[in-house]
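One letter stands for each residue in the lines below.
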Amino acid sequence: MPPPTLRNKLTSIKGVRLAGSPSTWNIDIHYPPDSPRGIIQSVTPHNDTTPGDDSIPAPLVLPALTHPHIHLDKAFVHSARQYAHLLPSTGSFQEALSFTTEAKQQFTVPDVLQRGEWLLAESISNGVTAMRAFVEVDHTVKHVCLEAATRLQNQWKDACEIQIVCFAQDPIFSTQYGEENMDLMQKALEEYPQIDVIGTTPYVETTIEAAKRNIDWAVDCALQLDKHLDFHLDYNLDSGKEALVWYVLHSLEQRGWTSSATTKRVMLGHCTRHTLFTDDEWCRISRIIHENDLPVSFVGLPTSDLYMAASPEQKVPHDRPRGTLRIPEMIRKHDLDAVMGVNNVGNAFTPWGPPDPLFLACLGVGIYQAGTQDDARLLYECVSTRARAAIGLSSSPSSIDLKKGQSPDLLLFHHRDLTGCGVARPCGTVAEVVWDPPATVNRNVVIGGRLKSSGFSCSQSESIYHFSGE
Ligand SMILES: [Zn+2]
């Protein structure tokens, strides 16, 4: 499958709605000489008086979406025939681990390329223009996933900015394979300059000492090689287990990893154990991060957490509490940087859910009881502008308001009738988009100023999209 064809450069998008405004606007895009990507030159009121079809509301334009945390190599294992014998039979975490290890033994570069393309094609048509993609490096897959990811990164670069995580899902300081896994990680970092991020999983080490060595090694290595750092951390709901977040913050502080010393950032993912923290403990985390100027973000992975992160104690048979980071509270109450990610799709760890960040924002309304207009805006930011900034792809503020100077990575929501009944319910506010995400055929994506349409015609296209003559 080839990457999508992008239309010519857009010079303007006319008569569209923006977040928080009932009136319509024009967005002009300028292209610096010899640059394939444009920048927003101006956002001005739309005063066109030519008669149009007033029965169809103007499309809403928001910033494009971002995957801050997605496993490219394990995506859609359930959709590939060669793994049909590995579909869940019990659905337990142990089964997911062993079936995934078995599947990984069969991974080949063409196979990862194919499943990766499914992920990219669907994500981009949902409106994703940037992603942090995890690919595993260990004794089972060696550099197979990494090789495939670097090819996809290059082939799809016009449509999506893929940030590659060289990821140790397996132990690197314990078990009989620790040494070999570490060796493969180090070789990967030497041989693949395309790697942007170092990722590890301290909780898979067999002892707490090995987990701490894992953390220290990853921090040192990322600092030395000038890469971003990303931990899968504290993935349990067991108050008897030491939370390793304290050790990570201590390690960063000791080594002087500050926002002013480097542009590289640190992400902590899952962290379900932190849902058992008291308010005081959350305040302490926030204080340590702010006082030491640590560029730390958290990513909540609710589709995986809801499926897998259950409490170990089951006193009552039907009492199965789930735990997932409470992202809006972390942002508003504790002034932390927090975003939401899809994590896994179509595999034993997360068999449900689409690779659509908007679906996550929608899920957030229910999980966090976040039903106000402000909540919707914040949830959209968490899968869009905040997610992009958290993975270090933009330093700009997290607002979804479009402004001069920003990159024209945009998502337009159209109103094509999908019912076959000749009626289409309007969907013109951020809240409406988050509460009930529009189908992919109603989303057009603009990437660096170039249009990727949904492939379905739209009567408004001619009046809205204006292309350069090239
Ligand atoms: Zn993950």
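Treat the numbers as computed from the prediction; the structure is a model and nothing was measured.

Q: Can you tell me about the pairing of strand 13 (residues 410-413), naming the residues and giving the values?
A: In regular strands, side chains alternate between the two faces of the sheet. Residue alternation in strand 13 divides its side chains into two sets, Leu410 and Leu412 and Leu411 and Phe413, and both sets are buried. Pairing of strand 4 (residues 60-63) with strand 13 involves four bridges; the strand directions are antiparallel. Counted as the bridge partner of valine 61 is leucine 412 from strand 13. As defined by bridge partners, strand 13 adjoins strand 14 (residues 443-447) across four bridges and the pair is classed as antiparallel. By the bridge assignment, phenylalanine 413 is partnered in strand 14 with arginine 443.

Q: Give me the domain arrangement of the protein chain: which residues, what numbers.
A: As far as domains go, the protein chain holds domain 1 (10-62 + 404-467) and domain 2 (65-370). Distance between the C-alpha centres of domain 1 and domain 2: 33 Å. If you look at the interface, domain 1 gives 14 residues, while domain 2 gives 14 residues. For the pairing of domain 1 and domain 2, the buried interface totals around 1,100 Å² over both sides, and the portion due to carbon and sulfur atoms is 64%. Taken as a group, Val434, Arg443 and Ile447 account for 37% of the area that domain 1 buries against domain 2, more than any other trio of residues on that side. Between domain 1 and domain 2 we count one salt bridge in total. Here aspartate 356 ties to arginine 443 by a salt bridge, and the two come within 2.8 Å at their closest N and O atoms. For the side of domain 1 that touches domain 2, the elements supplying multiple residues, two or more each, are strand 13, helix 13 (430-435) and strand 14. The element that contributes the greatest number of residues to the side of domain 1 that touches domain 2 is strand 14, accounting for four residues.

Q: Outline the nonpolar core, supporting the account with residue identities and numerical values.
A: Core analysis: the biggest nonpolar cluster contains 108 residues, and Val245, Leu268, Ile285, Phe298 and Tyr380 have the highest contact counts within it. When residues of this core are assigned to their parent elements, the largest contribution, seven residues, is made by helix 5 (residues 208-225). Of the domains in this structure, domain 1 (10-62 + 404-467) and domain 2 (65-370) are the two that each give at least three residues to this core. What isoleucine 285 contacts, discounting residues up to four positions off in sequence, is Val245, Trp246, Leu249, Phe277, Phe298 and Leu336. Counting 16 residues, the second largest nonpolar core, distinct from the first, contains Leu18, Val61, Leu410 and Leu451.

Q: How would you summarise the pattern of salt bridges if you had to cite specific residues and measurements?
A: The tally for this structure, following the rule as stated, stands at 21 salt bridges. Note that arginine 115 and aspartate 111 form a salt bridge whose closest N and O atoms lie 2.9 Å from each other. In this pair, arginine 115 and aspartate 111 are both assigned in helix 2 (residues 109-126), four residues apart and thus about one turn of the helix distant. Each member of the pair, arginine 115 together with aspartate 111, is buried.

Q: Please set out the environment of aspartate 279 residue by residue, giving values where relevant.
A: For aspartate 279, the location among the structural elements is in helix 7 (residues 279-291). Take aspartate 279: its relative accessible area is 38%, and that puts it in the partly exposed class. Contact partners of aspartate 279, with chain neighbours within four places excluded, come to Lys333 and His334. Reaching out from aspartate 279, the side chain makes a polar contact with the side chain of histidine 334 at a distance of 3.4 Å.

Q: Please set out the state of the cysteines residue by residue, giving values where relevant.
A: For the structure shown, the criterion picks out zero disulfides. The thiol of cysteine 221 is unpaired, and the distance to the nearest cysteine sulfur, on cysteine 166, comes to 8.5 Å.

Q: Before we move on, can you summarise the packing of aromatic side chains with the specific residues and values?
A: Evaluated as defined, the whole model comprises nine aromatic pairs. On the basis of an interplanar angle of 75 degrees and a centroid distance of 5.9 Å, the ring pair of phenylalanine 277 and tryptophan 282 is categorised as edge-to-face. Classification of phenylalanine 277 by relative accessible area gives buried; the value is 9%. An aromatic cluster is built from Phe93, Tyr203, Tyr235 and Phe349, whose rings are joined through pairwise contacts. The ring of phenylalanine 107 is capped by arginine 115, whose NZ or CZ atom sits 4.6 Å from the centre of that ring. In this arrangement the basic side chain of arginine 284 is found over the ring face of tryptophan 246, its NZ or CZ atom lying 4.1 Å from the centre.

Q: Pulling in residues and values, what's your account of helix 5?
A: Over its 18 residues, helix 5 runs 26 Å from end to end, which matches the ideal 26 Å to within 8%, given 1.5 Å per residue. Turning to helix 5, its buried residues number three or more, namely Ala210, Ala211, Asn214, Ile215, Asp216, Trp217, Ala218, Val219, Cys221 and Ala222. The inward-facing, buried residues of helix 5 contact helix 4 (178-191), strand 8 (195-200), strand 9 (228-233) and helix 6 (245-254). One or two positions beyond helix 5, positive phi appears at aspartate 226, with a value near 60 degrees.

Q: Which residues make up the coordination of the zinc ion, and what are the values?
A: Coordination of the zinc ion by the protein is provided by His69 (NE2), His71 (NE2), His232 (NE2) and Asn343 (OD1), with metal-donor distances spanning 2.1 to 2.2 Å. Angles of 85 to 171 degrees at the metal separate the four donor atoms of the zinc ion, which places the site in the irregular class.

Q: How would you sum up the sheet that holds strand 12 (residues 337-340)? Please name residues and give values.
A: Reading across from one edge, 5-6-7-8-9-10-11-12 is the order of the eight strands in this open sheet, with parallel pairing throughout. The open sheet is flanked by strand 5 (65-71) and strand 12, the only strands paired with a single partner. Neighbour-to-neighbour, the strand axes of this sheet turn through a mean angle of 25 degrees, independent of strand direction. Two elements, strand 7 (residues 161-168) and strand 8, share five bridges in a ladder whose sense is parallel. Each residue of the ladder has a partner; that of cysteine 166, found in strand 8, is isoleucine 198.

Criteria and cut-off values
- Residues numbered from 1 in each chain as written.
- Predicted model: local features only at pLDDT ≥ 70, side-chain atom pairs only at ≥ 80, totals over all residues.
- Heavy atoms only, no water.
- Buried < 20%, exposed > 50% of the residue type's maximum accessible area, 1.4 Å probe, protein only.
- Helix = DSSP H or I, 4+ residues; strand = E, 2+ residues; numbered from the N terminus.
- Pairing = 2+ DSSP bridges.
- Domains from an automatic or database assignment.
- Contact = heavy atoms within 4.5 Å.
- Buried area = accessible area lost by both parts, 1.4 Å probe.
- Salt bridge = Lys/Arg side-chain N within 4 Å of Asp/Glu carboxyl O.
- Core = buried A, V, L, I, M, F, W, Y, C linked by side-chain atoms within 4.5 Å.
- Polar contact = N/O pair within 3.5 Å; in protein donor to acceptor, adjacent residues only side chain to side chain.
- Disulfide = S-S within 2.5 Å.
- Phe/Tyr/Trp six-rings, centres within 6.5 Å; stacked < 30°, edge-to-face > 60°.
- Lys NZ or Arg CZ within 6 Å of the ring centre and 35° of its normal.
- Expected span 1.5 Å × (residues − 1).
- Donors = N, O, S within 2.8 Å, 3.2 Å for Na, K, Ca; no water.
- Tetrahedral: all angles 85-135°; square planar, octahedral: opposite > 155°, others 65-115°.
- Axes fitted to C-alpha atoms, helices over the stretch in contact; angles between N-to-C directions.

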